[in-house]
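Given next are the chains, with one letter for each unit.
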Amino acid sequence: MRLALAGAIALLATALVTTSAAADSPNSSPAAPAASAPAPAQYQIGTFNMAGGNAEHGTKGDEAPEALARSVRDRMPAVVAIQEGCGDWTLALWNKLREQQYDVLLNPVLQRAGGPNAECYHPNSFGFGNGLIMRKDIGFDPNTYRAHELTKNAAVDPARKDHKEQREMLCVTAPARNLVACSVHLTHDDRQLRIAEAAEARRILAVEYAGHTKLVGGDLNDDPLSAAADQFYDSGYGFGARGELKEADSICGNKITPVANIYWTPCRLGEGTHGTGKIDYLFVSPRVHVRWADATSANHSDHVPLWAEVTL
């Protein structure tokens with residue numbers, strides 16, 4: 001099920017619209033790009049795990065979405081990828097950001113194969129999953145959303161994955177810009193399954209969104225040199241990388257190379273986002289110029305937001 005909280009979709013200002021999921025539907029392929037794209041400009045982008053599934057922070061009320069909405073109003077990012085979002089928090093975000101002309105989507109995931117929906121740690125959360133906050137003037141079309149099923153389609157034995165929470169990658173395109181934004185969240189407690197989910201995400205990005213400029217934010221639940229992260233990092237980063245993306249918060253900036261010139265430190269490393277470790281990432285296509293990136297702070301999550309300014 002999808003919770004669609006967008007000005008073009010909601011029938012009433014306070015309505016919560018629930019529709020059938022478009023997960024990997026053959027009728028929901030990305031729209032063809034328009035003939036001409038807008039002129040390049042600088043925008044912030046971000047990714048944030050809101051910790052709706054965390055026993056401490058997932059119990060919170062309006063203070064969690066209010067803190068994120070305040071940051072969005074201050075930064076006016078083009079897009080923010082959300083993981084561990086909640087349906088009620090999504091509704092609150094939409095109500096707090098609609099005057100700034102944002103659309104907000106959440107795609108609840110299943111507790112296990114066949115359902116029911118996963119839920120946040122507080123009552124009446126109306127689902128738990130990935131989301132996207134999108135500026136309307138960028139051209140993101142909520143009707144192009146696709147919830148790509150990673151756990152379900154991971155190349156592992158069904159007995160290994162069917163009892164797990166069914167992780168997904170939520171993507172929306174901006175057809176006039178030939179742009180796609182995605183939010184991804186991988187399994188935390190099974191390395192083999194996590195790698196298979198990441199490989200499926202790599203396949204989707206390469207095949208389903210071939211030729212698109214990509215903005216991918218997510219919680220990979222693994223470190224930058226892991227086999228799961230290999231699936232996202234451009235092969236030029238080395239150390240087993242086999243993806244096609246640049247990490248916005250790389251210690252080497254826009255350079256896609258195995259190690260930093262001075263200290264011979266892997267360029268795949270970046271700021272900590274979960275305690276002292278890095279498990280949250282903000283990937284972009286190599287042609288996207290990153291002006292700066294920063295892991296900030298959060299009072300209502302065990303993760304911190306990751307922000308960057310890029311040229312789109």
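Here, every reference points to the structure presented above.
Now for a look at the structure at hand. What you are looking at is a predicted structure, and each value in this text was computed from that prediction instead of being measured.

## Details of the overall build of the chain
Consideration 1: Along its length, the chain carries 6 helices and 14 strands.
Consideration 2: Considering only intrachain contacts with a sequence separation of at least 6, the fraction spanning at least 24 residues in the chain is 71%.
Consideration 3: Element-wise, carbon and sulfur atoms account for 51% of the exposed surface of the chain, whose accessible area totals about 12300 Å².

## Quick notes on the packing of helix α1 (residues 63-75) against helix α2 (residues 87-97)
Consideration 1: Relative orientation of the contacting elements α1 and α2 amounts to 35 degrees, with a least axis distance of 9 Å. Where α1 crosses over α2, the handedness of that crossing is right-handed. Contact residues: α1 offers Ala-64, Pro-65, Glu-66, Leu-68, Ala-69, Val-72 and Arg-73, while α2 offers Trp-89, Ala-92, Leu-93, Lys-96 and Leu-97.
Consideration 2: Taken together, the residues of the contact of α1 with α2 sort by class into 9 nonpolar, no polar and 3 charged.

## Observations regarding α1
Consideration 1: The end-to-end C-alpha distance of α1, which contains 13 residues, comes to 19 Å, matching closely the 18 Å that a straight helix rising 1.5 Å per residue would cover.
Consideration 2: Those residues of α1 that fall on the buried side of the exposure criterion are Ala-64, Pro-65, Leu-68, Ala-69 and Val-72. Buried residues of α1 fall within an arc of 120 degrees about the axis and therefore sit on the same side.
Consideration 3: Residues of α1 that are buried in the fold lie against β3 (42-49), β4 (79-86), α2, β5 (102-108) and β6 (128-135).
Consideration 4: Immediately beyond the C-terminal end of α1, within one or two residues, lies Met-76, with a positive phi of roughly 50 degrees.

## Quick notes on the environment of Asp-62
Consideration 1: Inspection of the secondary structure assignment puts Asp-62 in the loop between β3 and α1.
Consideration 2: In this structure Asp-62 comes out as partly exposed when scored by relative accessible area, which is 42%.
Consideration 3: A sequence separation of 26 residues divides Asp-62 from Asp-88, and the C-alpha atoms of the two residues are 8.9 Å apart.
Consideration 4: Here Asp-62 is in contact with Ala-92 and Lys-96, once residues within four sequence places are set aside.

## Looking at the packing of aromatic side chains
Consideration 1: One pass over the full model with this rule turns up 5 aromatic pairs.
Consideration 2: Between Tyr-233 and Tyr-281, the aromatic rings sit 6.2 Å apart at their centres with planes inclined by 90 degrees, giving edge-to-face as the arrangement. Of this pair, Tyr-233 sits in the loop between α6 (227-230) and β11 (246-247) while Tyr-281 sits in strand β12 (residues 280-284), and the two are 48 residues apart along the sequence. Each member of the pair, Tyr-233 as well as Tyr-281, is classed as buried.
Consideration 3: On the basis of an interplanar angle of 5 degrees and a centroid distance of 5.6 Å, the ring pair of Tyr-281 and Phe-283 is categorised as stacked. In this pair, the class of Tyr-281 matches that of Phe-283, namely buried.
Consideration 4: By way of ring pairs, the aromatic residues Phe-232, Tyr-233, Tyr-237, Tyr-281 and Phe-283 are connected into one cluster.
Consideration 5: Over the aromatic face of Trp-94 sits the side chain of Arg-98, whose NZ or CZ is 5.5 Å from the ring centroid.

## Let's talk about the state of the cysteines
Consideration 1: Inspection of the entire model under this criterion finds 3 disulfides.
Consideration 2: Note that Cys-171 is cross-linked by a disulfide to Cys-182, the S-S spacing being 2.1 Å. The S-S bond linking Cys-171 to Cys-182 shows a torsion near 110 degrees; that makes this disulfide right-handed. One end of the pair, Cys-171, is in strand β8 (residues 168-174); the other, Cys-182, is in strand β9 (residues 179-185), with 11 residues separating them in the sequence.
Consideration 3: When its relative accessible area of 1% is taken as the criterion, Cys-182 is described as buried.
Consideration 4: By sequence-ordered numbering of the bonded cysteines, the chain has its disulfides arranged as 1-2, 3-4, 5-6.

## With respect to the pattern of salt bridges
Consideration 1: Summed over all chains, the structure comprises 17 salt bridges.
Consideration 2: In this structure, Lys-96 engages Asp-62 in a salt bridge whose closest nitrogen and oxygen atoms are separated by 3.1 Å. Taken as a pair, Lys-96 in helix α2 and Asp-62 in the loop between β3 and α1 lie far apart in primary sequence, 34 residues in all.
Consideration 3: Salt-bridge contacts for Arg-160 lead to Asp-190; the nearest nitrogen and oxygen are separated by 2.9 Å. Of the two residues, Arg-160 is situated in helix α4 (residues 158-161) and Asp-190 in the loop between β9 and α5 (191-207); the sequence distance between them amounts to 30 residues.
Consideration 4: Under the relative-accessibility criterion, Arg-160 is labelled partly exposed at 33%.
Consideration 5: In this structure Asp-190 comes out as buried when scored by relative accessible area, which is 10%.
Consideration 6: Several salt bridges share partner residues, and in doing so they unite Asp-62, Glu-66, Arg-70, Arg-73 and Lys-96 into one network.

Rules used in this analysis
Residues numbered from 1 in each chain as written. Predicted model: local features only at pLDDT ≥ 70, side-chain atom pairs only at ≥ 80, totals over all residues. Heavy atoms only, no water. Helix = DSSP H or I, 4+ residues; strand = E, 2+ residues; numbered from the N terminus. Contact = heavy atoms within 4.5 Å. Areas by Shrake-Rupley, 256 points an atom, 1.4 Å probe, with all protein chains shown as cover. Axes fitted to C-alpha atoms, helices over the stretch in contact; angles between N-to-C directions. Left-handed = near helix turned anticlockwise from the far one by under 90°. Nonpolar A, V, L, I, M, F, W, Y, C, P; charged D, E, K, R; others polar. Expected span 1.5 Å × (residues − 1). Buried < 20%, exposed > 50% of the residue type's maximum accessible area, 1.4 Å probe, protein only. Arc of directions from axis to C-beta. Phe/Tyr/Trp six-rings, centres within 6.5 Å; stacked < 30°, edge-to-face > 60°. Lys NZ or Arg CZ within 6 Å of the ring centre and 35° of its normal. Disulfide = S-S within 2.5 Å. Salt bridge = Lys/Arg side-chain N within 4 Å of Asp/Glu carboxyl O.

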